[in-house]
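Structure at a glance
So you can see what is in the structure, the chains are spelled out below.
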Amino acid sequence: QVQLVESGGGLVQPGGSLRLSCAASGSIFSINIMGWYRQAPGKERELVASINSRGSTNYADSVKGRFTISRDNAKNTVYLQMNSLKPEDTAVYYCSYFATRYYWGQGTQVTVSS
């Protein structure tokens, strides 16, 4: 079992920044992929960014140049630095972990509004 705990969500004005954190615990494999998905009301969950154990990253086109994903392997923690936030970024953000199967965090709300 793997447990994921997200933090860092909140309310921010357009153009502002937030940093999300997700700490994984339990039966962690050293080779894994961690990432962030988001889901807005009435929309499907979509991949925002992912990063593997070696640091290779992948981003949704909508966030390239604005968001940065990183990880601390020693802490089994993944981060998402979100800059230049837009109202369209408003969603529940979910941390994910994959080695042999997917695990999901509980989600953290990000609201971008003036």
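Above this text is the structure in question.
Described in the following lines is the structure provided in the data block. (Residues numbered from 1 in each chain as written. Predicted model: local features only at pLDDT ≥ 70, side-chain atom pairs only at ≥ 80, totals over all residues. Heavy atoms only, no water.)

1. Let's talk about the overall build of the protein chain
We apply this condition: Numbering of helices and strands starts at the N terminus; helices are DSSP runs of H or I of at least 4 residues and strands are runs of E of at least 2. Restricting the calculation to C-alpha atoms gives the radius of gyration, and the globule rule supplies 2.2 Å times the number of residues raised to the power 0.38. In what follows, residue pairs with any heavy atoms lying within 4.5 Å of each other are defined as contacts. Accessible areas in this description were obtained via Shrake-Rupley with a 1.4 Å probe; residue shielding takes into account the shown protein chains only.
Helix and strand counts for the protein chain stand at zero helices and eleven strands. N-terminal to C-terminal, the α/β element order of the protein chain is β-β-β-β-β-β-β-β-β-β-β. Over its C-alpha trace the protein chain gives a radius of gyration of 13 Å, about what one expects of a compact globule, namely 13 Å for 114 residues. Seen through its principal axes, the protein chain has C-alpha atoms that stretch 40 × 25 × 20 Å. Relative to all contacts within the protein chain whose residues are 6 or more apart in sequence, the contacts with residues 24 or more apart total 52%. As displayed, the protein chain offers around 6100 Å² of accessible surface, 48% of which is attributable to carbon and sulfur atoms.

2. Looking at the environment of V12
For V12, the position within the fold is in strand β2 (residues 10–12). Taking C-alpha positions, V12 is 9.7 Å from T90, a pair spaced 78 residues apart along the chain. The residues contacting V12, other than those within four sequence positions of it, are S17, L18, L85, T111, V112 and S113.

3. Examining the side chain of N52
Which entries qualify depends on this criterion: Working definition: with a 1.4 Å probe on protein chains only, accessible area under 20% of the residue-type maximum means buried, over 50% means exposed, and in between means partly exposed.
With respect to the helices and strands, the residue N52 is situated in strand β5 (residues 46–52). Overall, N52 belongs to the buried group, its relative accessible area being 16%. Excluding its chain neighbours within four sequence positions, the residues that come into contact with N52 are N32, I33 and R71.

4. Details of the pattern of salt bridges
Definition in use: Only one rule defines a salt bridge in this text: a Lys or Arg side-chain nitrogen within 4 Å of an Asp or Glu carboxyl oxygen.
Scanning the entire structure with this criterion turns up four salt bridges. For E46, the salt bridge goes to R38, with nearest N and O atoms at 2.8 Å. Judged by its relative accessible area of 34%, E46 is partly exposed. A residue is classified by how much of its surface remains accessible, and R38, at 6% relative accessible area, is buried. In this structure, R38 engages D89 in a salt bridge whose closest nitrogen and oxygen atoms are separated by 2.9 Å. Highlighted residues: R38 in strand β4 (residues 33–39) and D89 in the loop between β8 (77–82) and β9 (91–98), separated in sequence by 51 residues. Here the two residues R38 and D89 agree in accessibility, since each one is buried. Where salt bridges share partners, they join R38, E46, R66 and D89 into one cluster.

Keep in mind these numbers describe shape, not what the thing actually does.
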